[in-house]
Amino acid sequence: MSREELDNPMTVRPKPAALAIVNNNNGYHRDNEEEGESKLEPNVGLEFDSAEEAQEFYNLYATKLGFRIRIGQLYRSRVDGSVISRRFVCSKEGFQTTSRTGCPAFIRVQKADSGKWVLANVKKEHNHELESSGEICPSRIQRKNIPNPKSSVVVVVSTRTGLRSIDEDGPGPSGIIDLKRFKREKIDVELQPRGSEPYKGLEFTSAGEAYEFYNAYASNSGFKVRIGQLFRSKNDGSITSRRFVCSKEGHQHPSRVGCGAFMRIQRQDTGRWLVDRFQNEHNHELGLPADASGRVKGFKEEASTVLENMDLVELNGGLSLVTRGRESRIGSDWYNELFEYFQARQADDMGFFYAVEMHNGRAMSVFWADARSRFSCTQFGDAVVFDTTYRKGGSYSVPLASFIGINHHRQPVLLGCALIAEESEESFTWVFQAWLRAMSGRHPVSIVADQDRAIQHSIAQVFPGTHHRFSAWQLKATEQENIGELLSMNPEFKYEYETCIFQSQTANEFEAAWNVLVNKYNLRKNTWLMEMYRMRKSWVPLHIRGTFFAGIPMDGSLKSYFGTILTSQTPLNEFLIRYQKALEQRREEERKEDFNSFNLQAVLHTKDPIEDQCRRLYTITMFQVFQKELLECYSFVGIKINVEGAISRYLVQKSGSGDERNTVAFNASNLNVSCSCKMFEFEGVLCRHALKVFQIMNVRELPSRYILHRWTKDAKYGILRDVDSGGASQDHKALMLWSLREEAKNYIEAGTASLERYKLAFEIMQEGRRNLCWQN
């Protein structure tokens, strides 16, 4: 396809007695001119034999109304690479040239299972004046004659990049045309990259070719590029992924505005590079397209220096690639403001901790946590969310990441904050190590964090043994990127996909359902699905339920700690004020719940002594969670299915319905209970199924191990009851340290209110110290 076809108004070669009309069954055929003139109108549901026919139809409609069209975006099947959807747009769509006005008019046709092309979307309104229909002549559709009469093929070729962009009605077995077959075709290799838009699935022979292609596309679109982040293999250190970004990405320079446009490529097992992510939306105005002479020359990719530490900068009026070191996304002004705040906090808070990463004498990432956060971690640091939602929009002023726990009221509690200098493994590793030092070296049981390889590697290195679960928002985003079209267009696939993931109860069930899914829909070669299968233990509920996550929902609907008070767009002059406001607001909410739990009582709904036992121990919020399970258990029945020594197994299912059923194992010798639903393992509260078996066995009081100390009223300041409440001796020591420190802080505040109170407080403290020493 030539550049004229891609960028210039379409031309159609009219046939003497054949204009397009709509027939009675919403199909499209050729007939006499008079009838065509009256019924030539695009409407959803129109059918065409081919995409070219739809294009010709739209062109005739455009000629009649007084505008011209261009070929717009196409979408390819993730299964076989064939084109499944096409857009034809008004010639004034976009803003790449001064003559374009961003006109929204277009039609989109979609390939149906029957092989027909159906008009799926249409927008008829234009934002510019139309010419009179007589001023625009029906234009010609230009097509090359390519030797293969059995299929209609449009090929875009660049011998410089080795790029293949194929649009064919019937792809060959491999899905890729051998470019050597068209060796003698004289195609303009310079125009091709400048007229083509990247798309997921596009292949290159090297990262250098991908860079040249994206740079050519950027030149034609009116922006400049920089070489962004890279990822390396943990096994051999080789580069496995690269990002090329808009030159206005980030905020390190006043000219940068945090633009989110980028193209990411990933190295395949074959050695080729595949576009796996592409974002073409900019948050700034684009310039005029550059001419061919303004292009940046590509770089040589060698085994030892594959695009590493390179940047694209303006030098002497031109663009050049220069070597760079690690950069910080944090503006220099931030450090001065933060350090002043840190020093002021340390004067008031002896437990305040902060650390700064230094690289070649420059400040990079920053981490901080006050005494309250460090104290909270001793009791609520078992399940942690590493919140990096600043990355969601792609544009941000401050790269703020936070460590969030879940307190005994099921509220988010702050366990530390960080500003991330750059999204590299080095930065994330440093931040995790700083958090670990601040929290007395206590590793979390589980952590919810993004699935980026840099974060995965850092967690594995700093928190070995911690179960890393992927962030739900990022999972949804990548799912939409990679199989979103299939999910939206095929309800049967969507149902089977979600059933496989969310309904599988055992590993064997999941494996069987997954194999059926990928085979039935020919997805064996879908690289994203294969990668997600390899990492299934980090996102499939079946593999997550067996680990304690404090009940953090699978769908990721955890309430943001800072809410709307503090966002990724907060300017420097408001950041610390808003941060402190959000902190005080959250901690006030926690104090209210503490007061309610100690001073209010929930209503009992049964005469079961277990209900009264849990009301006395749990916070109000957690008692309500337990009470719901207890009440639900009355609508279940339990049937003993086998006995092995002291262990009895029960099938517990809802009365009158077999939809919800689980297996419960009960040990009569020690009152141990285990349910296949894994609610206790995941959430720390006994499920209705286990409670039903306790009822059957006439257990009148829950063993203490099934009432986690972290969910009780005394979780924050309470005394450790016994070693069965969980944790090792060093955890108990840390809890005692921070509990006494927090109590001492309140004691000092009360004791310094007046001279009389100071004297009394000092005497009490001296007497207490003498008693402690006497006991030793």
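Since this is a predicted model, take the numbers as computed values, not measurements.

## A word on the packing of aromatic side chains
All chains considered together, the criterion is met by 43 aromatic pairs. Measuring from ring centre to ring centre gives 6.4 Å for Y341 and F352, while their planes differ by 80°; the resulting arrangement is edge-to-face. In this pair, Y341 is assigned in helix α6 (residues 332–348) and F352 in the loop between α6 and β17 (353–359), connecting sequence segments 11 residues apart. Just as Y341 is buried, F352 falls in that class too.

## Points about the sheet that holds strand β14 (residues 273–279)
Taken together, five strands build an open sheet; the order of strands is β10-β14-β13-β12-β11 and the sheet is antiparallel. Where the open sheet ends on each side, the last strands, each with one partner, are β10 (203–204) and β11 (225–232). Here β10 runs beside β14; their pairing, made up of two bridges, is antiparallel. By the bridge assignment, F204 is partnered in β14 with W273.

## Things to note about the environment of K224
Within the fold, K224 resides in the loop between α5 (207–221) and β11. You can call K224 partly exposed: its relative accessible area is 36%. The spatial distance from the C-alpha of K224 to the C-alpha of S247 is 5.3 Å, given a sequence separation of 23 residues.

## What to know about the packing of helix α10 (residues 472–489) against helix α11 (residues 491–503)
Interhelical geometry of α10 versus α11 gives an angle of 125° and a closest axis separation of 5 Å. Between α10 and α11, the interaxial angle falls into the category oblique. Contacts between α10 and α11 pair E479, I483, L486, L487 and M489 from the former with P491, F493, K494 and Y497 from the latter.

## Details of the nonpolar core
If you look at the biggest cluster of nonpolar residues, it comprises 68 residues, and the most contacted ones within it are W368 and F626. Considering every element that reaches this core, the biggest residue donor is helix α17 (residues 620–633), with six residues. Dropping the residues within four chain positions of it, F626 is found in contact with I610, E611, C614, Y618, V685, L691 and L702. Ranked by size, the runner-up nonpolar core spans 34 residues in total, among them A401, L415, A434 and L436.

## So, helix α7 (residues 371–380)
Of all 10 residues in α7, 10 are buried, a share of seventy percent or more. What α7 keeps buried is the set A371, R372, S373, R374, F375, S376, C377, T378, Q379 and F380.

## What about a nonpolar patch on the surface?
The grouping of Y747, I748, L755, Y758, L760, F762, I764 and M765 at the surface amounts to a nonpolar patch, some 780 Å² of accessible area in total. Secondary-structure elements contributing two or more residues to the nonpolar patch are α20 (729–751) and α21 (755–775). The element best represented in the nonpolar patch is α21, accounting for six residues. Here L755 lies in helix α21.

## Some words on the packing of α10 against helix α13 (residues 527–534)
Two elements in contact, α10 and α13, have axes separated by 10 Å at closest approach and are oriented at 145°. Contacts between α10 and α13 involve L475, T478, E479, N482 and I483 on the former and, on the latter, W528, L529 and M532. In terms of residue class, the contact of α10 with α13 is made up of five nonpolar, two polar and one charged.

## Thoughts on the sheet that holds strand β5 (residues 83–90)
The strand order β3-β7-β6-β5-β4 describes an open sheet built from five strands, whose pairing is antiparallel. In this open sheet, the two edge strands, each paired with only one partner strand, are β3 (47–48) and β4 (69–76).

## A closer look at α6
Every buried residue of α6 is listed here: W334, Y335, L338, Y341, F342 and R345. Down the axis of α6, the sector holding all buried residues measures 140°, keeping them to one side. Residues of α6 that are exposed and point over 90 degrees away from its buried face: S332, D333, N336, E340, Q343 and A347.

## Some remarks on the side chain of S206
In this fold, S206 is placed in the loop between β10 and α5. The exposure class of S206 is buried, given its relative accessible area of 19%. Among the polar contacts made by the side chain of S206, one reaches the main-chain amide nitrogen of E209 at a distance of 3.2 Å.

## Regarding the confidence of the model for the chain
Counting all residues, the mean pLDDT for the chain is 78, and 76% of those residues have values of 70 or more. Within the model, pLDDT remains below 50 along residues 291–324, and this stretch shows 73 contacts once partners closer than five positions in the same chain are excluded.

## What about unusual backbone geometry?
Not every positive phi belongs to a glycine, and N522 is a case in point at roughly 55°. Residue position: N522 is located in the loop between α12 (507–520) and α13. Despite not being glycine, L671 shows a phi value in the positive range, around 65°. Its place among the elements puts L671 in the loop between β26 (661–667) and β27 (672–675). Its relative accessible area of 29% is what places L671 among the partly exposed residues.

## Observations concerning the pattern of salt bridges
Within the structure shown, the criterion is met by 32 salt bridges. The partner of E492 in a salt bridge is K520, and the shortest N-O contact between them spans 2.7 Å. Of the two residues, E492 is situated in helix α11 and K520 in helix α12; the sequence distance between them amounts to 28 residues. Residue classification places E492 among the partly exposed residues on the basis of a relative accessible area of 44%. Judged by its relative accessible area of 43%, K520 falls in the partly exposed class.

## Quick look at the pairing of β14
With respect to burial, β14 is a largely interior element, five of its seven residues being buried. Hairpin remark: strand β13 (residues 262–267) followed by β14, antiparallel, with five residues in the connecting loop; positive phi at G271, about 100°.

Rules used throughout
Residues numbered from 1 in each chain as written. Predicted model: local features only at pLDDT ≥ 70, side-chain atom pairs only at ≥ 80, totals over all residues. Heavy atoms only, no water. Phe/Tyr/Trp six-rings, centres within 6.5 Å; stacked < 30°, edge-to-face > 60°. Helix = DSSP H or I, 4+ residues; strand = E, 2+ residues; numbered from the N terminus. Buried < 20%, exposed > 50% of the residue type's maximum accessible area, 1.4 Å probe, protein only. Pairing = 2+ DSSP bridges. Axes fitted to C-alpha atoms, helices over the stretch in contact; angles between N-to-C directions. Parallel < 35°, antiparallel > 145°, perpendicular 65-115°, else oblique. Contact = heavy atoms within 4.5 Å. Core = buried A, V, L, I, M, F, W, Y, C linked by side-chain atoms within 4.5 Å. Patch = residues over 30% accessible without salt bridge, like charges linked within 9 Å, V, L, I, M, F, W, Y side chains within 5 Å. Areas by Shrake-Rupley, 256 points an atom, 1.4 Å probe, with all protein chains shown as cover. Salt bridge = Lys/Arg side-chain N within 4 Å of Asp/Glu carboxyl O. Nonpolar A, V, L, I, M, F, W, Y, C, P; charged D, E, K, R; others polar. Arc of directions from axis to C-beta. Polar contact = N/O pair within 3.5 Å; in protein donor to acceptor, adjacent residues only side chain to side chain. pLDDT = per-residue confidence, 0-100.

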